[in-house]
Amino acid sequence: AIIARMLSDKGIYVSSGTACESESKEPSPALSAMGKSRKDAYSGLRVSFWHSNTLEELSRFADQLERLLKSY
């Protein structure tokens with residue numbers, strides 16, 4: 001959720017966890033079912049794209065996510 005808020009400050013909108021579990025205090029059931037540890041199951045980031053997204057937008061997202069994760 002913290003990274004999602006930090007990206008939002010940059011004009012990039014994503015969500016933590018799945019749509020129905022966003023902002024939950026419990027780890028992601030989907031990531032847990034995939035065998036992820038409890039710690040990792042809290043670390044899900046849901047990213048959606050649309051046909052109108054450009055390569056420049058995707059590149060900006062990737063660059064901002066990398067910067068935020070390095071500084072987090």
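In this report, we go over the structure that sits alongside the text.

Cut-offs used in this document
As a convention, each chain's residues are numbered from 1 in the sequence order in which they are written. Local features are withheld for residues below a pLDDT of 70 in this predicted model, meaning they are given only at 70 or higher, and side-chain atom pairs are given and counted only at 80 or more; totals for whole chains, interfaces and linings count all residues. To get the side-chain values, all heavy atoms of the structure are used, and hydrogens and water are removed first. Only Phe, Tyr and Trp rings take part, Trp by its six-membered ring, and two of them pair if their centres are within 6.5 Å. Stacked means planes under 30 degrees apart, edge-to-face means over 60, and tilted covers everything else. Only runs of H or I of at least four residues qualify as helices and only runs of E of at least two qualify as strands under DSSP, and these elements are numbered from the N terminus. Buried, partly exposed and exposed residues are distinguished by accessible area as a fraction of the type maximum, computed with a 1.4 Å probe on protein chains only: under 20%, between the cut-offs, and over 50%, respectively. Note on definitions: salt bridges are taken to be side-chain nitrogens of Lys or Arg within 4 Å of carboxyl oxygens of Asp or Glu. What makes two residues a contact is simply this: any of their non-hydrogen atoms within 4.5 Å. Each axis is a line fitted through C-alpha atoms, and for a helix only the stretch in contact is used; angles between axes span 0 to 180 degrees, taken between their N-to-C directions. For classification purposes, angles smaller than 35 degrees are called roughly parallel, those larger than 145 roughly antiparallel, those between 65 and 115 roughly perpendicular, and all remaining angles oblique. By definition, any crossing whose near helix is turned counterclockwise from its far helix by less than a right angle is left-handed, and any crossing with a clockwise turn is right-handed. In this classification, the charged set is Asp, Glu, Lys and Arg, the nonpolar set is Ala, Val, Leu, Ile, Met, Phe, Trp, Tyr, Cys and Pro, and all remaining amino acids, among them Gly, are polar. What makes a nonpolar core is a set of buried Ala, Val, Leu, Ile, Met, Phe, Trp, Tyr and Cys residues whose side-chain atoms join them at distances within 4.5 Å.

1. Brief notes about the packing of aromatic side chains
The way to describe two aromatic rings as a pair is by their centre distance and the angle between their planes.
Alright, step 1. With the rule as written, the count across this model stands at one aromatic pair.
Alright, step 2. Aromatic pair F49 and F61: ring centres 6.5 Å apart, planes at 80°, arrangement edge-to-face. Pair noted here: F49 is in the loop between strand 2 (45–46) and helix 4 (55–71) and F61 is in helix 4, with a separation of twelve residues, a long-range link.
Alright, step 3. The buried category is assigned to F61, whose relative accessible area is 12%.

2. Description of the pattern of salt bridges
Alright, step 1. Inspection of the entire model under this criterion finds two salt bridges.
Alright, step 2. R38 serves as the salt-bridge partner of E26, at 3.8 Å between the closest nitrogen and oxygen. Of this pair, E26 sits in the loop between strand 1 (15–16) and helix 2 (29–33) while R38 sits in helix 3 (residues 38–41); the two residues are twelve residues apart in sequence, bridging distant segments of the chain.
Alright, step 3. E26 gets classed as partly exposed once you look at its relative accessible area, which sits at 47%.
Alright, step 4. Across the salt bridge formed by E66 and K70, the nearest N and O atoms sit 3.4 Å from each other. Taken together, the positions of E66 and K70, both in helix 4 and four residues apart, correspond to about one turn of that helix.

3. Topic: the environment of L7
Alright, step 1. In this fold, L7 is placed in helix 1 (residues 2–9).
Alright, step 2. With sequence-adjacent residues up to four places away left out, L7 is seen in contact with I12, V14, L45, F61, Q64, L65 and L68.

4. Description of the packing of helix 1 against helix 4
Alright, step 1. Across the interface, helix 1 lies against helix 4 with an axial gap of 10 Å and an inter-helix angle of 125°. With respect to their mutual orientation, helix 1 and helix 4 come out oblique. Crossing angle aside, the handedness with which helix 1 passes helix 4 is right-handed. Every residue of helix 4 that contacts helix 1 at I3, M6 and L7 is listed here: F61, Q64, L65, L68 and L69.
Alright, step 2. Here the contact of helix 1 with helix 4 is composed, by residue class, of seven nonpolar, one polar and no charged.

5. Structural notes on the nonpolar core
Alright, step 1. One finds I3, A4, L7, I12, V14, F61, L65 and L68 forming the largest nonpolar core, which totals eight residues.
Alright, step 2. Among the elements of the structure, helix 1 and helix 4 are those that each provide at least two residues to this core.
Alright, step 3. Each residue touching L68, except ones within four places of it in the same chain, is listed here: I3, M6 and L7.

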